[in-house]
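Each chain, written out:
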Amino acid sequence: MAGGIAPVAGALLCALLWAVGVATGDDPGGSPAPGTFGRVYRGAVNISAERVYAFAYSSEPGQVDAVRVYVNSSSENLRYPVLFVVRQQKGVLSWQVPLIFRGLYQRTYSYQEVSRTLCPSEPAPETGRSDQIIFVDVASMAPFNIAYELLVTRLQNFQLETNQPFNFTASPSQPQYFLYKFPQDVDSVIIKVVSDAVYPCSVVSVQDIVCPVYDLDHNVEFNGVYQSMTKQAAITVQKKDFPGEQFFVVFVIKPEDYACGGSMPSSLPGKFNRTWNLQRTKSLQVTIVPSIKKSVYVQAMFFSFLSFLSFYLGSVVVAFVHYIRVRRKASAGRLSPGDGSGMMTSSHPITASTPEGSSYGAIDESSSSGGHQLSSPGCRPPAGSDTDSSVEEESDFDTMPEIESDKNVIRTKVFLYLSDLSRKDRRIVSKKYKIYFWNIITIAVFYALPVIQLVITYQTVVNVTGNQDICYYNFLCAHPLGVLSAFNNILSNVGHMLLGFLFLLIVLRRDILHRRAMEMKDIYTLDYGIPKHFGLFYAMGIALMMEGVLSACYHVCPNYSNFQFDTSFMYMIAGLCMLKLYQTRHPDINASAYSAYASFAVVISLAVLGVVFGKNDMWFWVISAMIHVLASLALSTQIYYMGRFKMDGPDSDMGIFRRAAMVLYTDCIQQCSRPMYMDRMVLLIVGNLVNWSLAIFGLVYRPRDFASYILGIFICNLLLYLAFYIIMKLRSSEKLLPIPLFCIVATAVVWAAALYFFFQTLSSWEETPAESREKNRPCILLGFFDDHDVWHFLSAAALFFSFLVLLTLDDDLDVVRRDKIPVF
């Protein structure tokens, strides 16, 4: 009954207002005419004649009513538009027809049909109805009549319901917005918007319950949180951000598609303008679903930490089993130098042995015994002593010209053994490799601090402006926590930090056991197995931890500008692994920490330049390809000649070219049938072919993700060298013990699984934010982690196993004399 009385009361009120205007002598044309919802009013206005309509209605207790006004004018006269002003109890809304939108390069788009939703009235009190009245003024400054149409309706589906899809259409001149109220038991929701059509480009905005509502292209970014959209958008909204526990969801269609990666109209003459505007209508579906509860956050944290703490448990078990085995062998008196227990029953001088046919460059036993040419055993410091000496730190490692000459003779041997390349004093070489560790800590601190500051600034800008196009999240699985928009992407990097620290502990244990063994053995036992230098391993552990830190920083706000944060320490990890692999059998001639990190700095600088110039500049790709090829050739020369091919000295000017010609003639023409160092030649030929192919690929295709392209080059070279090393190891009749064999298999399996999830692209900063959101997918693990988070988990484990491969690969050689271990 009440519902039938309310329209009658509203009509009587409007009639009364109109009658008052007539009684006072006012012009009926400017007095409010009673209006009826759902009726189309047609009329004409000019400079001396305007129209005013009054629409009255009543709201039921607790109900929120919304009114939509539709207007149309056939006039395209931009000089004399029709002006519409809507007056409400607490606000005024106005617009003109034709409605003008401005695009890129000052393009203009005009619309004759406009419809707007008025800011809804406050809910009526629970005690009774609330009467509302709306005045619609229609006017124009034109000296002639301009026809118009007016339609005012009450919206039936203004409030969105949880888990119930709602379909509607919108256009640039006919935006839409709806109300949503949080249920009592829901603290966070995800607004999911989908469309079958890519274009027209649209914007989804979440705004507080404040009038006016910003629902046009030029002002939608003034308030709230917003995203651009093509086919898909998702915004996570938390109840704590809205004191009234309700908000508006606003949908705006942009007049151009440029912001979403679409093409622009070539020209806009009259008829084409109308055709273009008619195509700007888009069908949308919005669904609001509850987000995860706080208990899921707790479960995800427990899962993340317990998963990687299980690696600690496994390491403790392996260490305990090794300890039991060592104790049993010790009780049986069967310890060998490779047992790591420090108990040696006898020691014998090392005698050099060279295969038949390797007499070229051969030397006697006394000069090939590692480290014995500097001092006699009787006057040498204890094996485990690492006492500092200004002479050791400030002088070159080879202090006498005779040793330099002797070194060059040794490295020309066709068959090299580890004793030939481990002649320098162990203490000095260990200090050389410890510089890797201290330098990477310094680099990490100075690199990470500004990165952290920058990403905090990024996150602050996102939170303050509400512009969610700044960061390329997977919005369908972005769970906020505090000020962080995607906490799950940050939490999933904890594996790199935990496993990096575990690797440091494992290396520290080996280092301590080795030091104890050196303190208890006599001097000649130093010549068994691979020389134990742990500085590079410590640097690798720090690099793994920093990769987790910087990857987490990148995922605070992933975008095109800061992707280098996620890859910088990946370059270092790949480079350090290659250096460690080479150092294993070339301890005396490996690169110094300063030159290695300087090379990494050059690579990172090149990656930064690639971000700036790598999109379309052909000259940049030509220069980078030339640098790549020349660096490959220079490095190949140094590896092939064991560091004896120098660019300095008396032949540093034009004489270097004469030397190069002589080497080319000697090794490539006179001995074309068989190179002097066949194994090295095969590796370097394959390596150069791979690198030249990668350089040509970059030059031809010019991938936009230059940082990943550089990383791919590093990984390809690392895999190639590791495969060569393992093949040569098996070819030399060396064994793979159970632990390194298990690590190799685990590395291959885990890397394969990790790469599968890595290539499940969930976003891409190579595209516009709207196009990137088309790739967004829901969570796949615990309702909290997405595919990229799983990549973080698996890649951390894969890197950890990869490090263990390098750490344990040559454990079988601990009982083999160095003059029996081949160099390759």
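Residues numbered from 1 in each chain as written. Predicted model: local features only at pLDDT ≥ 70, side-chain atom pairs only at ≥ 80, totals over all residues. Heavy atoms only, no water.

Asker: Could you give an account of helix H19 (residues 787-808), with specific residues and numbers?
Answerer: For H19, with 22 residues, the first-to-last C-alpha span of 31 Å sits near the 32 Å given by 1.5 Å per residue. In terms of residue burial, H19 counts as a mostly covered element, since 20 of its 22 residues are buried. Between a side-chain oxygen at the N-terminus of H19 and the backbone nitrogen of His788 the separation is 3.1 Å; the capping residue is Asp786. (Helix = DSSP H or I, 4+ residues; strand = E, 2+ residues; numbered from the N terminus. Expected span 1.5 Å × (residues − 1). Buried < 20%, exposed > 50% of the residue type's maximum accessible area, 1.4 Å probe, protein only. Polar contact = N/O pair within 3.5 Å; in protein donor to acceptor, adjacent residues only side chain to side chain.)

Asker: Tell me about the pairing of strand S20 (residues 282-290), and please be specific about residues and values.
Answerer: The pairing of strand S13 (residues 166-170) with S20 spans 5 bridges and is antiparallel. Residue pairing across strands places Phe166 opposite Val286, the latter belonging to S20. Strand direction decides the pairing type here: strand S15 (residues 188-194) and S20, joined by 6 bridges, are antiparallel. When the sheet's bridge partners are listed, Ile191 is paired in S20 with Ile288. (Pairing = 2+ DSSP bridges.)

Asker: Provide a residue-level description of the pattern of salt bridges, including the pertinent values.
Answerer: Scanning the model with the defined rule gives 18 salt bridges in all. Residues Asp511 and Arg515 are paired through a salt bridge, measuring 3.4 Å at the closest nitrogen-oxygen approach. In this pair, Asp511 and Arg515 both sit in helix H9 (residues 494-520), 4 residues apart, roughly one turn of the helix. Residue classification places Arg515 among the partly exposed residues on the basis of a relative accessible area of 31%. When salt bridges with common partners are traced through the structure, they connect Arg585, Lys729, Glu734, Asp810 and Asp812 into a single cluster. (Salt bridge = Lys/Arg side-chain N within 4 Å of Asp/Glu carboxyl O.)

Asker: Tell me what's going on with unusual backbone geometry, and back it up with residues and numbers.
Answerer: Cis rather than trans, the peptide bond between Val97 and Pro98 has omega equal to 5°. When you line up the elements, Pro98 lands in the loop between strand S6 (92-97) and strand S7 (99-102). Omega for the peptide link from Tyr199 to Pro200 comes to 10°, which places this bond in the cis form. Here Pro200 shows up in the loop between S15 and strand S16 (202-207). With phi around 55°, Glu245 is a residue other than glycine that occupies positive phi space. Position of Glu245 relative to the elements: it lies in the loop between strand S18 (232-238) and strand S19 (246-253).

Asker: Now, about the pairing of strand S5 (residues 82-87): what can you tell me, with residues and values included?
Answerer: Residues Val82, Phe84 and Val86 line the buried face of S5, whereas the alternating positions Leu83, Val85 and Arg87 sit on a face that is not buried. Counted along the chain from S5 to the antiparallel partner S6, the turn is 4 residues long. One ladder, built from 6 bridges, connects S5 with strand S10 (residues 130-140); its direction is antiparallel. Note on S10: the bridge partner recorded for Val85 is Asp137.

Asker: Provide a residue-level description of the state of the cysteines, including the pertinent values.
Answerer: Cysteine pairs can be linked by a disulfide, which is a covalent bond between their two sulfur atoms. Applying the stated criterion across every chain yields a total of 4 disulfides. With a sulfur-sulfur separation of 1.5 Å, Cys119 is cross-linked through a disulfide to Cys211. Its S-S torsion of approximately -70° makes the covalent link between Cys119 and Cys211 left-handed. Of this pair, Cys119 sits in the loop between strand S9 (113-117) and S10 while Cys211 sits in the loop between S16 and strand S17 (225-229), and the two are 92 residues apart along the sequence. Classification of Cys119 as buried rests on a relative accessible area of 12%. What pairs with Cys471 in a disulfide is Cys557, and their sulfur atoms sit 1.8 Å apart. In this structure the cystine formed by Cys471 and Cys557 twists about its S-S bond by roughly -90°; its chirality is therefore left-handed. (Disulfide = S-S within 2.5 Å.)

Asker: So what's going on with the side chain of His533? Residues and values would help.
Answerer: Turning to its location among the elements, His533 is positioned in the loop between H9 and helix H10 (535-556). Those residues in contact with His533 that sit more than four places away from it in its chain are Arg426, Val429, Ser430, Tyr433, Lys580, Gln583 and Pro587. (Contact = heavy atoms within 4.5 Å.)

Asker: Give a description of a nonpolar patch on the surface that names residues and reports values.
Answerer: Nonpolar side chains collect at one region of the surface, where Met618, Val622, Met626, Leu630, Leu633, Ile685, Leu689 and Trp692 lie side by side and expose about 720 Å² of accessible area between them. Elements represented by at least two residues in the nonpolar patch include exactly helix H13 (618-640) and helix H15 (678-701). Here the nonpolar patch gets 5 residues from one element, more than from any other, and that element is H13. Here Leu633 shows up in helix H13. (Patch = residues over 30% accessible without salt bridge, like charges linked within 9 Å, V, L, I, M, F, W, Y side chains within 5 Å. Areas by Shrake-Rupley, 256 points an atom, 1.4 Å probe, with all protein chains shown as cover.)

Asker: Could you give me a rundown of the sheet that holds S20, with the residues and numbers involved?
Answerer: Consider a sheet: its strands pair through backbone hydrogen bonds, and that pairing is either parallel or antiparallel. Read from one edge of the open sheet, 4 strands run S13-S20-S15-S18, paired in antiparallel fashion. Sheet topology places S13 and S18 at the edges, where each strand pairs with a single neighbour. With strand direction ignored, the average angle separating the axes of adjacent strands in the sheet is 25°. Two elements, S15 and S18, share 7 bridges in a ladder whose sense is antiparallel. Bridging across to S18, Val193 finds its partner in Ala233. (Axes fitted to C-alpha atoms, helices over the stretch in contact; angles between N-to-C directions.)

Asker: Tell me what's going on with the packing of helix H7 (residues 426-465) against helix H12 (residues 593-613), and back it up with residues and numbers.
Answerer: Where H7 contacts H12, the axes come no closer than 9 Å and their chain directions differ by 35°. Between H7 and H12 the crossing geometry is right-handed. Each of Ile435, Tyr436, Asn439, Ile440 and Ile443 in H7 lies in contact with H12, whose residues at this interface are Ala593, Tyr594, Ala596 and Tyr597. (Left-handed = near helix turned anticlockwise from the far one by under 90°.)

Asker: Give a detailed account of the packing of H9 against H19, specifying residues and quantitative values.
Answerer: Relative to each other, H9 and H19 sit at 15°, their axes nearing to 9 Å. By the angle between their directions, the pair H9 and H19 is classed as roughly parallel. Along this stretch, H9 crosses H19, giving a crossing that reads as right-handed. Contacts between H9 and H19 involve Gly495, His496, Leu499, Leu502, Phe503, Ile506, Val507 and Arg510 on the former and, on the latter, His792, Ser795, Ala796, Ala797, Leu799, Phe800, Phe803, Leu804, Leu807 and Thr808. Looking at the contact of H9 with H19 residue by residue, the class counts come to 12 nonpolar, 5 polar and 1 charged. (Parallel < 35°, antiparallel > 145°, perpendicular 65-115°, else oblique. Nonpolar A, V, L, I, M, F, W, Y, C, P; charged D, E, K, R; others polar.)

Asker: Tell me about empty space enclosed by the protein, and please be specific about residues and values.
Answerer: Within the structure shown, the criterion is met by 4 cavities of 30 Å³ or more. Of the volumes computed, that of the largest cavity is approximately 210 Å³. Lining the largest cavity are 18 residues, with Ile530, Lys532, Phe537, Leu806 and Leu807 sitting closest to its centre. Contributions of two or more residues to the lining of the largest cavity are made by helix H11 (563-585) and H19. Residue composition of the lining of the largest cavity, grouped by class: 9 nonpolar, 3 polar and 6 charged. (1 Å grid on protein atoms, 1.4 Å probe; cavity = no way out; pocket = protein on both sides within 12 Å on 5 of 7 lines; lining within 4 Å. Points joined across faces, edges and corners; volume = space filled by probe spheres on them.)

Asker: Describe the environment of Tyr214, and please don't skip the residues or the numbers.
Answerer: Looking at where Tyr214 falls in the secondary structure, it is placed in the loop between S16 and S17. The spacing of Tyr214 and Val250 is 36 residues in sequence and 8.1 Å in space, taken between C-alpha atoms.

Asker: Tell me about the packing of aromatic side chains, and name the residues and values.
Answerer: The description of two aromatic rings rests on the distance between their centres and on the angle between their planes. According to the stated counting rule, one finds 58 aromatic pairs in the structure shown. Taking 5.8 Å as the distance between ring centres and 40° as the angle between the ring planes, the aromatic pair formed by Phe308 and Phe793 counts as tilted. Of this pair, Phe308 sits in helix H3 (residues 294-332) while Phe793 is found in helix H19, placing the two residues 485 residues apart along the sequence. Neither residue differs from the other here; Phe308 and Phe793 are each classed as buried. A ring pair is formed by Phe620 and Trp621, whose centres lie 6.1 Å apart and whose planes are at 80°; its orientation type is edge-to-face. Across the pair, Trp621 and Phe620 agree in class, each one buried. (Phe/Tyr/Trp six-rings, centres within 6.5 Å; stacked < 30°, edge-to-face > 60°.)

Asker: Summarise the environment of Ser307; cite the residues concerned and give the values.
Answerer: The residue Ser307 is located in helix H3 in this model. Of note is the side chain of Ser307, whose polar atom sits 2.6 Å from the backbone oxygen of Phe303.

Asker: Tell me what's going on with the nonpolar core, and back it up with residues and numbers.
Answerer: If you look at the biggest cluster of nonpolar residues, it comprises 105 residues, and the most contacted ones within it are Tyr436 and Leu576. For this core, the element with the highest residue contribution is H10, accounting for 14 residues. When neighbours within four sequence positions are excluded, Tyr436 is seen to be in contact with Gly535, Leu536, Ala539, Leu576, Leu579, Ala591, Ser592, Ala593, Ala596 and Tyr597. Listed in part, the 29 residues of the second largest apolar core include Phe84, Phe101, Val114 and Leu118. (Core = buried A, V, L, I, M, F, W, Y, C linked by side-chain atoms within 4.5 Å.)

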